[in-house]
Amino acid sequence: MMLNSTQVSYFMFSAYLDSGILKYVFFLVALFLYILTLGANVLLIVLICMNRSLHEPMYMFLCSLFVNQLYGSTGLFPFLLVQILSNIHIIPAPFCFLQVFCIYSYGSVELAILAVMSYDRYLAICFPLQYNTQMTSSKVAMLIALSWLLPFLAIVGLISLIVPLQLCGNIINKVYCDNYSIVKLSCHDTTVNNIYGLIATSLTILCPVSLIFYTYMRILKICFSGSKQTRQKAVSTCTPHLASLLSFIFGGFFEILQSRFNMNGVPNMLRIFLSLYFLTCQPLFNPLMHGLNRSKIYLICKNLFLPHV
């Protein structure tokens, strides 16, 4: 649908399938996932905040991660639930831009927190004697604040560039709004958007990934040259973080791939599932992974729900 740029007050989604009565099944599945995600993340946030034994840097970073899961889920699920039941899949332009902000800032904050957590594990494993003096409460607060503030500022800049774009169409071939789909609809040159996109990508993706890579190289070096106890500590504390990181990278990589390249050869249902993976499965995967693999959290949950077992 080609429109004059002044008429683009809403966007249409073309990726939703005409599923007939099955849409109610999809709605119930999505609603169940959302409730489960909210429950798991809220439970762990409350446990960490209410138990003084969990007021340690690692758990403070985990709490920040769980808050981001709530934020990202809420940026997608309520909208998705409405769209699944709707016969006409449209969204007002301001809400579309808001969704772009929520989803992109969620992804950027997620990676930033994972990078901070890898730095925390690096200090704990490579410098155990200096850890308490290095990772002070003020430093923890500063790292958490930066992991939210810097991505938010980067995404605010991104949104400020796509909002004034003059668009020649309003059809988005996805089930939610994203930056690149809107930029592709522009009638005019988008060089500034592309340059800023590269800068924002460097700040929000390459910098955290570089930090994660460096810290894990140092951790591996210590593991190979250290004692058996050091290796066991590294495995027990790094496994949940690595699993969370790899899961997020998988989902994020496919989403970037789908945005930039023609994926028509991939079945539509598979495309939709993979594009939603890091927004639907990751917020549920993280609390389950960390809740089951962190001994302190696991024991508190066990005592809370199964006190006599």
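Residues numbered from 1 in each chain as written. Predicted model: local features only at pLDDT ≥ 70, side-chain atom pairs only at ≥ 80, totals over all residues. Heavy atoms only, no water.

1. A few points about helix H1 (residues 22-50)
Then comes step 1: In a regular helix each residue adds 1.5 Å, so 29 residues correspond to 42 Å; H1 covers 42 Å between its end C-alpha atoms and thus fits that length.
Then comes step 2: Buried within H1 we find Lys23, Ala30, Tyr34, Thr37, Ala40, Asn41, Leu44, Ile45, Leu47 and Ile48. (Helix = DSSP H or I, 4+ residues; strand = E, 2+ residues; numbered from the N terminus. Expected span 1.5 Å × (residues − 1). Buried < 20%, exposed > 50% of the residue type's maximum accessible area, 1.4 Å probe, protein only.)

2. Considering the sheet that holds strand E1 (residues 10-13)
Strand pairing within a sheet occurs via backbone hydrogen bonds; the two strands may be parallel or antiparallel.
Then comes step 1: Judged by pairing direction, the sheet is mixed, and its 3 strands sit side by side in the order E2-E1-E3 without closing on themselves. Each having just a single partner strand, strand E2 (90-92) and strand E3 (171-172) make up the two edges of the open sheet.
Then comes step 2: With 2 bridges connecting them, E1 and E3 associate as parallel partners. For Phe13, the partnering residue across the bridge sits in E3 and is Ile172.
Then comes step 3: Relative to the sheet, helix H3 (residues 93-126) contacts E1, E2 and E3, its axis offset from that of E2 by approximately 90 degrees. (Pairing = 2+ DSSP bridges. Contact = heavy atoms within 4.5 Å. Axes fitted to C-alpha atoms, helices over the stretch in contact; angles between N-to-C directions.)

3. A closer look at the packing of helix H2 (residues 57-85) against helix H9 (residues 268-280)
Then comes step 1: The interhelical angle for the contact between H2 and H9, taken along N-to-C directions, is 130 degrees, at an axis separation of 9 Å. Considering the angle they form, H2 stands oblique to H9. Here H2 contributes Ser73, Leu76, Phe77 and Leu80 to the contact with H9, which in turn contributes Leu276, Leu279 and Thr280. (Parallel < 35°, antiparallel > 145°, perpendicular 65-115°, else oblique.)

4. Concerning the nonpolar core
Then comes step 1: By size, the foremost hydrophobic cluster in this structure holds 78 residues, and its most contacted members are Phe11, Leu62, Ile162, Tyr176, Ile182 and Ile219.
Then comes step 2: Looking at this core element by element, the count peaks at 19 residues for H3.
Then comes step 3: In this structure, Tyr176 is in contact with Phe13, Leu76, Phe79, Gln99, Ile103, Glu255, Ser275, Leu276, Phe278 and Leu279, ignoring residues within four places of it in sequence. (Core = buried A, V, L, I, M, F, W, Y, C linked by side-chain atoms within 4.5 Å.)

5. With respect to the environment of Thr280
Then comes step 1: Along the chain, the position of Thr280 falls in helix H9.
Then comes step 2: Overall, the relative accessible area of 8% leaves Thr280 in the buried class.
Then comes step 3: Dropping the residues within four chain positions of it, Thr280 is found in contact with Thr37, Leu76 and Phe77.
Then comes step 4: In terms of polar contacts, Thr280 uses its side chain to reach the backbone carbonyl oxygen of Leu276, at 2.7 Å. (Polar contact = N/O pair within 3.5 Å; in protein donor to acceptor, adjacent residues only side chain to side chain.)

6. Side note on the confidence of the model for the chain
Then comes step 1: Residue-level pLDDT values for the chain average 85, and 93% of them are 70 or greater.
Then comes step 2: Taken element by element, the predicted model of the chain shows its lowest mean pLDDT in helix H11 (residues 295-305) (73) and its highest in helix H5 (residues 137-162) (93). (pLDDT = per-residue confidence, 0-100.)

7. Things to note about the layout of surface pockets
Then comes step 1: The calculated volume of the largest pocket comes to roughly 940 Å³.
Then comes step 2: Lining the largest pocket are 33 residues, with Tyr104, Thr201, Ile205, Gly252 and Ile256 sitting closest to its centre.
Then comes step 3: When grouped by side-chain class, the residues that make up the lining of the largest pocket number 20 nonpolar, 10 polar and 3 charged.
Then comes step 4: There is about 590 Å³ of room inside the second largest pocket.
Then comes step 5: Phe26, Ile84, Met269, Ile272 and Leu276 are the residues nearest the centre of the second largest pocket, which is lined by 23 residues in total.
Then comes step 6: Taken together, the elements giving at least two residues each to the lining of the second largest pocket come down to H1, H2 and H9.
Then comes step 7: Residues belonging to the lining of the second largest pocket are distributed by class as follows: 15 nonpolar, 6 polar and 2 charged. (1 Å grid on protein atoms, 1.4 Å probe; cavity = no way out; pocket = protein on both sides within 12 Å on 5 of 7 lines; lining within 4 Å. Points joined across faces, edges and corners; volume = space filled by probe spheres on them. Nonpolar A, V, L, I, M, F, W, Y, C, P; charged D, E, K, R; others polar.)

8. Comments concerning the pattern of salt bridges
Then comes step 1: One pass over the full model with this rule turns up 2 salt bridges.
Then comes step 2: A salt bridge links Lys174 to Asp178; the nearest nitrogen and oxygen atoms lie 3.8 Å apart.
Then comes step 3: Classification of Lys174 as buried rests on a relative accessible area of 7%. (Salt bridge = Lys/Arg side-chain N within 4 Å of Asp/Glu carboxyl O.)

9. Some thoughts on the packing of H2 against H3
Then comes step 1: Contact geometry of H2 with H3 gives a least axis separation of 9 Å together with a crossing angle of 165 degrees. Of the possible angle classes, the one that applies to H2 and H3 is roughly antiparallel. When you trace H2 past H3, the crossing you get is left-handed.
Then comes step 2: Among the residues making up the contact of H2 with H3, the classes are represented as 16 nonpolar, 7 polar and 3 charged. (Left-handed = near helix turned anticlockwise from the far one by under 90°.)

10. Let's talk about the side chain of Ser105
Then comes step 1: Among the secondary structure elements, Ser105 is positioned in helix H3.
Then comes step 2: By relative accessible area, which is 0% here, Ser105 ends up buried.
Then comes step 3: Of note is the side chain of Ser105, whose polar atom sits 3.1 Å from the backbone oxygen of Cys102.
Then comes step 4: Discounting residues that sit within four places of it in the chain, Ser105 has contacts with Tyr71, Phe152 and Ile155.

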